[in-house]
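Next come the chains, spelled out residue by residue.
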Amino acid sequence: MRFLRDVGITLAILAILMAGVGYLLTRNGLSARTDPPAIEAFMARHVRRLSMPSNASRAMSPVARDPSAWTEGGRAFQEHCAVCHDEGGSGRSEVGQNLYPKVPDMRKAQTQELTDGELFFVIQNGIRYTGMPAWERELSASDTWKMVSFIRRLPRLTPDELEQVMGSDRTGGASAGGGDSRRDPGKSE
């Protein structure tokens, strides 16, 4: 009898603790406008790591020594990623600032500490319960590895290099990072 009472008390205490944690995590609602509590961000990073197969972190980029890979990867990044991650990877695009969880600044340690294989896996497979889509059907493995090279370059990317990557995409004031992307009404498709 005493055993059952102790089990009941323990379960009651655990239920109260879980309710308290739940309250702390949701007391301000579940709005996408607020930053997540530190514990939520910590748990999300660790769940992301757990969601990747162990061999993903060991994958090596076949284009790591190709000096033009980052430029080609940058063009693919502008086409597919800049709308959320911004042209220079800051995450401060109109879309990226309004997603939950917030789009990471690709130049900072949170992203740069991932291995090349982990970045490749994320780009190809996406991340559930976030705005990060899987690009495996749209990007070849080679293009994805080149994009990884561009992401590695972001922390030291100069404005001139970004302009080189952007090339003709900057004509007419439009930008992939949240600018006016409407088609020119004078041009036929």
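All figures in this text were calculated on a predicted structure; none of them were measured in a lab.

A. Here's a closer look at the nonpolar core. Ranked by size, the top nonpolar core spans 26 residues in total, and within it Ile123, Met147, Phe150 and Ile151 carry the most contacts. Among the secondary structure elements, those contributing two or more residues to this core are helix H3 (69–80), helix H6 (116–125), helix H7 (141–153) and helix H8 (159–166). For this core, the element with the highest residue contribution is H7, accounting for five residues. When neighbours within four sequence positions are excluded, Ile151 is seen to be in contact with Phe77, Met106, Thr111, Gln112, Leu119 and Ile123.

B. Layout of unusual backbone geometry. Look at the link from Tyr100 to Pro101: it is a cis peptide, with omega at 0°. With respect to the helices and strands, the residue Pro101 is situated in the loop between helix H4 (82–85) and helix H5 (109–112). Of note in this structure, Asp86 is not a glycine but carries a positive phi near 75°. For Asp86, the location among the structural elements is in the loop between H4 and H5. In the Ramachandran plot, Tyr129 falls in the positive-phi region, its phi being about 65° despite a non-glycine side chain. Relative to the helices and strands, Tyr129 is located in the loop between H6 and H7. Tyr129 sits in the exposed class, given a relative accessible area of 75%.

C. Spatial organisation of the side chain of Thr111. Examined against the element boundaries, Thr111 turns out to sit in helix H5. Thr111 gets classed as buried once you look at its relative accessible area, which sits at 4%. When near neighbours in sequence (up to four residues on either side) are disregarded, Thr111 contacts Pro104, Asp105, Met106, Leu119, Ile151 and Arg152.

D. Summary view of the packing of aromatic side chains. As enumerated under the stated definition, the model contains two aromatic pairs in all. Judged by centre distance (5.1 Å) and plane angle (50°), the rings of Phe77 and Phe150 are tilted. Linking Phe77 in helix H3 with Phe150 in helix H7, this pair joins segments that are 73 residues apart in sequence. Overall, the relative accessible area of 0% leaves Phe150 in the buried class. Consider the rings of Phe120 and Trp145, whose centres lie 4.3 Å apart with planes at 15°: the pair is stacked. Pair noted here: Phe120 is in helix H6 and Trp145 is in helix H7, with a separation of 25 residues, a long-range link. Look at Trp145 and you get buried, because its relative accessible area is 8%.

What counts and how
- Residues numbered from 1 in each chain as written.
- Predicted model: local features only at pLDDT ≥ 70, side-chain atom pairs only at ≥ 80, totals over all residues.
- Heavy atoms only, no water.
- Core = buried A, V, L, I, M, F, W, Y, C linked by side-chain atoms within 4.5 Å.
- Buried < 20%, exposed > 50% of the residue type's maximum accessible area, 1.4 Å probe, protein only.
- Helix = DSSP H or I, 4+ residues; strand = E, 2+ residues; numbered from the N terminus.
- Contact = heavy atoms within 4.5 Å.
- Phe/Tyr/Trp six-rings, centres within 6.5 Å; stacked < 30°, edge-to-face > 60°.

All quantities given are derived from atomic positions and should not be read as evidence of function.
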